[in-house]
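Summary of structural features
For reference, the chains in residue letters:
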Amino acid sequence: MTELFAPAIRARKVRNGAERLVMVTAYDAPSARAADAAGVDLILVGDSVAMAVLGYDDTLQVTVGDMAHHVAAVARTAPAAHVVADLPWMSYHVSPADTVRNAARLIRSGAQSVKLEGGRKRLPMIERICDAEIPVMGHIGLTPQSVNAMGGFKVQGRTAEAARRLVQAAKSLTHAGCYAIVLEGVPVQVAELVTDAVEIPTIGIGAGPGCDGQVLVFQDLLGFEQRLAPKFVRRYADLHAAATEALRRFAGDVRSGAFPSPQESYQLPASEAAELGVVDL
Ligand code: KIV
């Protein structure tokens, strides 16, 4: 169980001497155990599960029920890392009561905080969730749940005016009670301006090195995802190739009869085999 709660994360500002925050997504028990064993600070059960695991083309298809299912799988491993759960699209857009209920469901599934996307429009909902004693992480810049409104997964904040709006949004999120902000898909200089402007840590993805932390999607950084290769992803392994090669060897061994061996099979005791008149392997 984690001892890293939102107030401690809130204090992790690099300019105040803190170490950079490390966040990675995980959606199930094996990936959560691997992330925790590696010593990451935060595990994000992201709605990117839709694209990374469930085969959808965007993140709009997952529901609160889907997220609760994945949060519970991660939480059952009792990681030392802080578990933050994404509120999916339409779970915080309709009414404050539904928003708080949905956030509470993810907390009851085992998360220690929730994340939601958007700037000033989201302030009333953020305040209501914080009023229910649930810590909130913000997420601005390229917000994947806005893919249709943005006209694709496009880098944001590319004009001085748009950059100023992001700085204002980050300040508003801080004022509303967020303990950290994900900055996605913005120019390096804009990420630095935002990071300088707020008292809470920024965690970047496709936002350059000037943030207070970094996050990547598990499948991207381990090379499980072969189809998409965003510029900001660094692949630390090629597990797709390693898994495919292992499965190819398994298929060959099954077809040739080399698997399973006697050592990989259960044997009858010799006396029972003799009574049945079968060969003792
Ligand atoms: O769902 C997700 O993986 C995210 C990250 C891109 C920050 O929100």
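See the structure shown above.
Residues numbered from 1 in each chain as written. Predicted model: local features only at pLDDT ≥ 70, side-chain atom pairs only at ≥ 80, totals over all residues. Heavy atoms only, no water.

**Things to note about the sheet that holds strand 1 (residues 21–25)**
Taking strand neighbours around the barrel as the criterion, the eight strands line up as 1-2-3-4-5-6-7-8 in a closed arrangement whose pairing is parallel. The mean inter-strand angle of the sheet, taken between neighbouring strand axes irrespective of direction, is 25 degrees. (Pairing = 2+ DSSP bridges. Helix = DSSP H or I, 4+ residues; strand = E, 2+ residues; numbered from the N terminus. Axes fitted to C-alpha atoms, helices over the stretch in contact; angles between N-to-C directions.)

**Let's talk about the pairing of strand 5 (residues 136–141)**
Counting buried positions over the six residues of strand 5 gives six, a clear majority of the element. Here strand 5 shows a buried face lined by Val136, Gly138 and Ile140 and a second buried face lined by Met137, His139 and Gly141. Pairing geometry for strand 4 (residues 113–115) and strand 5, over two bridges, is parallel. Looking at the pairing, lysine 115 lines up with methionine 137 of strand 5. With respect to chirality, the unit in which strand 4 leads through helix 6 (residues 123–131) into the neighbouring parallel strand 5 is right-handed. Alignment of strand 5 against strand 6 (residues 180–184), held across five bridges, turns out to be parallel. Residue pairing for strand 6: histidine 139 is matched across the bridge by valine 182. (Buried < 20%, exposed > 50% of the residue type's maximum accessible area, 1.4 Å probe, protein only. Right-handed = clockwise from strand over helix to strand, strands pointing away.)

**A closer look at the packing of helix 6 against helix 8 (residues 160–176)**
Look at helix 6 against helix 8: their axes get within 9 Å of each other, and the N-to-C directions meet at 25 degrees. Overall, the two elements helix 6 and helix 8 adopt an arrangement that is roughly parallel. Here helix 6 and helix 8 pass one another in a crossing that is right-handed. On the side of helix 6, the interface is formed by Leu123, Ile126, Glu127 and Cys130, while helix 8 contributes Ser172, Leu173 and Ala176. Taken together, the residues of the contact of helix 6 with helix 8 sort by class into five nonpolar, one polar and one charged. (Parallel < 35°, antiparallel > 145°, perpendicular 65-115°, else oblique. Left-handed = near helix turned anticlockwise from the far one by under 90°. Contact = heavy atoms within 4.5 Å. Nonpolar A, V, L, I, M, F, W, Y, C, P; charged D, E, K, R; others polar.)

**A closer look at the packing of helix 4 (residues 64–75) against helix 5 (residues 96–108)**
The contact between helix 4 and helix 5 brings their axes to 8 Å, and the two run at 20 degrees. Judged by the angle between their axes, helix 4 and helix 5 are roughly parallel. The interaxial crossing formed by helix 4 with helix 5 has right-handed handedness. Every residue of helix 5 that contacts helix 4 at Val64, Gly65, Met67, Ala68 and Val71 is listed here: Asn102, Arg105 and Leu106. Taken together, the residues that form the contact of helix 4 with helix 5 break down as five nonpolar, two polar and one charged.

**Concerning the site of the ligand**
Close to the ligand lie Thr25, Leu44, Gly46, Asp47, Ser48, Asp86, Lys115, His139, Val182, Glu184, Ile205 and Val217. Note that an oxygen atom of the ligand is positioned 3.1 Å from one of the side-chain N or O atoms of aspartate 47. At a separation of 3.0 Å, an oxygen atom of the ligand approaches a polar side-chain atom of aspartate 86. Residue composition of the shell around the ligand, grouped by class: four nonpolar, four polar and four charged. (Near = heavy atom within 4 Å. Polar contact = N/O pair within 3.5 Å; in protein donor to acceptor, adjacent residues only side chain to side chain.)

**A look at the side chain of asparagine 102**
Mapped onto the elements of the fold, asparagine 102 is located in helix 5. Here asparagine 102 falls in the buried class, since its relative accessible area comes to 19%. Beyond its immediate sequence surroundings of up to four residues, asparagine 102 is in contact with Val64, Leu87 and Ser91.

**A short note on helix 5**
Here helix 5 contains 13 residues, and its C-alpha end-to-end distance of 18 Å stays within 8% of the 18 Å for a straight helix at 1.5 Å per residue. Burial in helix 5 covers these residues: Thr99, Asn102, Ala103 and Leu106. Seen end-on, helix 5 carries its buried residues on one side only, within an arc spanning 95 degrees. Across helix 5 from its buried face, at more than 90 degrees, point the exposed residues Arg101 and Arg108. Tucked into the core, helix 5 has its buried residues touching helix 4, strand 3 (82–86), strand 4 and helix 6. Looking one or two residues past helix 5, glycine 110 carries a phi angle of roughly 125 degrees, positive in sign. (Expected span 1.5 Å × (residues − 1). Arc of directions from axis to C-beta.)

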